Amino acid sequence: MAVKTIETTPSPKQDARTTRWAAHREQVRADFVAAAIRTFDRIGPTATLDDICAEVGVKKPKLYRFFGDKNDLYRAILDTLMDDLWDRLAPTVNLADDSARALTFRAIGEYADVVAEHPNVFHFLASGQYGSVTGDGDHPLRMARGNAERAAELAEDVLEDAVGDPAHLQMLIYTIFGMAASAADWWIRTDRPANDAFTRDEFVEALGRSVLGVITANLNPSVTFDPDEPLHLAFTRTDR
């Protein structure tokens, strides 16, 4: 005899409980991330999960209820800092009128400010300490990957024709983000007083010049670049 299948839909109460749990989970994760950032700020890049849990006032089993593993927490920290950077940058950008130079230096300035506010966090994330703690050898590439892809989407309409093709554009964006991550690691590294040698403005100036230089070096030979023009006018084809 065939068994009749009865389709059921979640009741409104079940949907409400699911929604409340999802919101609660996101809030608890955000609380752990904020506590982790405070802990790294206070203790330094050697802060442990136990230190982070102590800041929250819980034991590690509760942390693992909301994060798959420690890598999940550390990635959430990075995502939070990068979201903060994009949130700071977005209201200041005028793609119609701002020059390519102004946009570049503004973005690097906001980046420098976020790094300077949380140097211990960036030192942990960008250095070998992350890999030694997590065993995640691919992490330095992943640090830049999400943000490089976001930047590539924003720059695609302007830069793809100037650079040549999507593959070269993606390589250019990854190069810039990798350079920015390495420069910040040098600037904040605790075992070398780079931040005493470079002020925030000097760091921004040096990295900004390097970024513009990398863009210029990777242009299609038939394209000229004037960084003082608005971004949509900065690249000119000479073969048309």
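Structural data are supplied above this passage.
Each value, and the rule that gives it
- Residues numbered from 1 in each chain as written.
- Predicted model: local features only at pLDDT ≥ 70, side-chain atom pairs only at ≥ 80, totals over all residues.
- Heavy atoms only, no water.
- Helix = DSSP H or I, 4+ residues; strand = E, 2+ residues; numbered from the N terminus.
- Contact = heavy atoms within 4.5 Å.
- Areas by Shrake-Rupley, 256 points an atom, 1.4 Å probe, with all protein chains shown as cover.
- Salt bridge = Lys/Arg side-chain N within 4 Å of Asp/Glu carboxyl O.
- Buried < 20%, exposed > 50% of the residue type's maximum accessible area, 1.4 Å probe, protein only.
- Axes fitted to C-alpha atoms, helices over the stretch in contact; angles between N-to-C directions.
- Parallel < 35°, antiparallel > 145°, perpendicular 65-115°, else oblique.
- Left-handed = near helix turned anticlockwise from the far one by under 90°.
- Nonpolar A, V, L, I, M, F, W, Y, C, P; charged D, E, K, R; others polar.

Q: Can you help me understand the overall build of the protein chain in this one?
A: For the protein chain, the count of helices and strands is 11 helices and two strands. Secondary structure elements of the protein chain, listed N to C terminal, follow the sequence α-α-α-α-α-α-α-α-α-α-α-β-β. When contacts within the protein chain are restricted to residue pairs at least 6 apart in sequence, those whose partners lie at least 24 apart make up 65%. Per element, the accessible surface of the protein chain, about 13500 Å² overall, is 54% carbon and sulfur.

Q: How should I be thinking about the pattern of salt bridges in this particular structure?
A: Within the structure shown, the criterion is met by 12 salt bridges. The salt bridge partner of Arg106 is Asp98, with a shortest N-O separation of 2.8 Å. Judged by its relative accessible area of 27%, Arg106 falls in the partly exposed class. Of the residues examined, Asp98 reaches a relative accessible area of 15% and is grouped as buried. A salt bridge links Asp201 to Arg200, with the nearest nitrogen and oxygen atoms 3.0 Å apart. The partly exposed category is assigned to Arg200, whose relative accessible area is 31%. Residues joined by salt bridges that share partners form a network here, namely Arg38, Arg42 and Glu55.

Q: It is not clear to me how the packing of helix 5 (residues 100-117) against helix 9 (residues 166-188) should be interpreted in this structure. Could you clarify?
A: In helix packing, the relevant descriptors are the interaxial angle and the interaxial distance, both defined with respect to the helix axes. Running from N to C, helix 5 and helix 9 cross one another at 40°; their axes reach a closest spacing of 11 Å. The angle between the axes of helix 5 and helix 9 places the two elements in the oblique class. You can see that helix 5 and helix 9 cross each other, and the crossing is right-handed. Of the residues in helix 9, those in contact with Tyr111, Ala112, Val115 and Ala116 of helix 5 are Ala180, Ala181, Ala184, Trp187 and Ile188. Taken together, the residues of the contact of helix 5 with helix 9 sort by class into nine nonpolar, no polar and no charged.

Q: I'm lost on the side chain of Thr39 in this one. Help?
A: With respect to the element layout, Thr39 can be found in helix 1 (residues 12-43). Judged by its relative accessible area of 0%, Thr39 falls in the buried class. Among all residues touching Thr39, those that are not within four sequence positions of it are Gly44, Ala47, Asp51, Ile52 and Glu55.

Q: Looking at this model, I keep getting lost on the packing of helix 4 (residues 70-89) against helix 5. Mind explaining?
A: Contact geometry for helix 4 and helix 5: axes closest at 10 Å, N-to-C directions at 140°. The angle between helix 4 and helix 5 falls in the class oblique. In the crossing of helix 4 with helix 5, the sense of the turn from one axis to the other is right-handed. Contacts between helix 4 and helix 5 involve Leu81, Asp84, Leu85, Arg88 and Leu89 from the first element and Arg106, Ala107, Glu110, Tyr111, Asp113, Val114 and Glu117 from the second.

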